[in-house]
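This is what each chain is made of:
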Amino acid sequence: MSWAPAGLPVPPSVLLTSGPGSVAAAGAVLPWGPVRFSTEDLVKVLLLFAVWLVVSALLAFFIGGINPARLVARALGVDLAAEGSGNPGATNAGRVMGPRWGVLVGVLDVAKGWLPTVLVMRYAGGLAAWVAVFLVLGHVFSPYLRGRGGKGAATAFGTVLALRPWWALVLLGLFVLGALVLRKVAVGSMLASFALVVLGLAREQDGLIRFWAVAVGVIVLARHTENIKALLGRFGGALGPRS
């Protein structure tokens, strides 16, 4: 097989020409001619890519699993699991330890979703969306808390800030509507998560970004199942007949 001259970068799109022991695919013709890869080389590349996907997912999962709420609570001598709702997230942290600590935990959760996603965007492009999903999964099913993590809304918002900043404005507006106007943080999180799914399906052309938006939105909504049931029960009671 022929390779690019030393020192010349090979662009992501490469013409794989047909011929003995080579595989053909669409791409760009390089100035120095076509680059030939054998079938064996292509298999190796695909295997390496699969390994990268698995390793990056595991790293993201374990990074996402780091729980700021539990760490801050432990530093203050508070057992967050035994206080309030018991949920290791920013809302319960603010309820148990005070608003400023809740805000700190929320900011750290957002940063936990934003920073790794930005770094992967910088060095691995579109695959940041893949990593972002596992950051949220790690937060929700924290390996350090025996699979019991937070609800994932703040970490999910951090990934939105990195991947689709303009969407973040829409989601933030909906969150404020639910949290401040309706006085329910969970309602704000549910509204924003539902909107993320809708935006991914209706506005996004990139398949991997669409996968991220739908997956993350559904994960966060699933963690709010009890809140959804309570909300539906409340509305049902308000609309139903009164004795």
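> Would you mind going over a nonpolar patch on the surface in detail, with residue names and values included?
Judged by side-chain polarity, Val 51, Val 54, Val 55, Leu 58, Leu 59, Phe 62, Ile 63, Ile 66, Leu 71 and Tyr 144 come together as a nonpolar surface patch covering roughly 910 Å² of accessible area. With seven residues, helix α1 (residues 39–64) is the single largest residue contributor to the nonpolar patch. Within the secondary structure layout, Phe 62 lies in helix α1.

> Please give an account of the packing of helix α8 (residues 185–203) against helix α9 (residues 207–223) that cites residues and values.
Orientation of α8 relative to α9, taken along the N-to-C sense of each, is 155°, at an axis distance of 8 Å. Taken together, the axes of α8 and α9 lie roughly antiparallel to each other. Handedness of the crossing formed by α8 with α9: left-handed. Touching Met 190, Ser 193, Phe 194, Leu 196, Val 197, Gly 200 and Leu 201 of α8 are Arg 210, Trp 212, Ala 213, Val 214, Val 216, Gly 217, Val 218, Val 220 and Leu 221, all from α9. Looking at the contact of α8 with α9 residue by residue, the class counts come to 12 nonpolar, three polar and one charged.

> I'd like a description of α1, backed by residues and values.
The terminal C-alpha atoms of α1 lie 37 Å apart, and with 26 residues this matches the ideal 38 Å at 1.5 Å per residue to within 8%. Residues Asp 41, Leu 53, Ser 56, Ala 57, Ala 60 and Gly 64 constitute the buried set of α1. Each element contacted by the buried residues of α1 is listed here: α4 (99–124) and α5 (128–140).

> Would you mind going over the packing of α5 against helix α6 (residues 153–163) in detail, with residue names and values included?
Running from N to C, α5 and α6 cross one another at 165°; their axes reach a closest spacing of 9 Å. Taken together, the axes of α5 and α6 lie roughly antiparallel to each other. Note on packing geometry: the crossing formed by α5 with α6 is right-handed. Mapping the contact onto sequence places Ala 128, Ala 129, Ala 132, Leu 135, Val 136 and His 139 in α5 and Thr 155, Ala 156, Thr 159 and Leu 163 in α6. The residue inventory of the contact of α5 with α6, partitioned by class, reads seven nonpolar, three polar and no charged.

> Run through the environment of Gly 147, naming residues and quoting values.
Relative to the assigned elements, Gly 147 resides in the loop between α5 and α6. Separated by 10 residues in the primary sequence, Gly 147 and Leu 137 place their C-alpha atoms 9.9 Å from one another. Residue contacts for Gly 147: discarding those within four places in its chain leaves Val 140, Phe 141 and Ser 142.

> Outline the layout of surface pockets, supporting the account with residue identities and numerical values.
Taken as a whole, the largest pocket encloses approximately 1,100 Å³ of empty space. Taken together, 45 residues make up the lining of the largest pocket; nearest its centre are Thr 91, Phe 175, Val 185, Ala 186 and Ser 189. When contributions to the lining of the largest pocket are tallied by element, the ones reaching two or more residues are α3 (90–97), α4, α6, α7 (165–181), α8, α9 and α10 (225–239). With nine residues, α8 is the single largest residue contributor to the lining of the largest pocket.

Cut-off values and rules
Residues numbered from 1 in each chain as written. Predicted model: local features only at pLDDT ≥ 70, side-chain atom pairs only at ≥ 80, totals over all residues. Heavy atoms only, no water. Patch = residues over 30% accessible without salt bridge, like charges linked within 9 Å, V, L, I, M, F, W, Y side chains within 5 Å. Areas by Shrake-Rupley, 256 points an atom, 1.4 Å probe, with all protein chains shown as cover. Salt bridge = Lys/Arg side-chain N within 4 Å of Asp/Glu carboxyl O. Helix = DSSP H or I, 4+ residues; strand = E, 2+ residues; numbered from the N terminus. Axes fitted to C-alpha atoms, helices over the stretch in contact; angles between N-to-C directions. Parallel < 35°, antiparallel > 145°, perpendicular 65-115°, else oblique. Left-handed = near helix turned anticlockwise from the far one by under 90°. Contact = heavy atoms within 4.5 Å. Nonpolar A, V, L, I, M, F, W, Y, C, P; charged D, E, K, R; others polar. Expected span 1.5 Å × (residues − 1). Buried < 20%, exposed > 50% of the residue type's maximum accessible area, 1.4 Å probe, protein only. 1 Å grid on protein atoms, 1.4 Å probe; cavity = no way out; pocket = protein on both sides within 12 Å on 5 of 7 lines; lining within 4 Å. Points joined across faces, edges and corners; volume = space filled by probe spheres on them.

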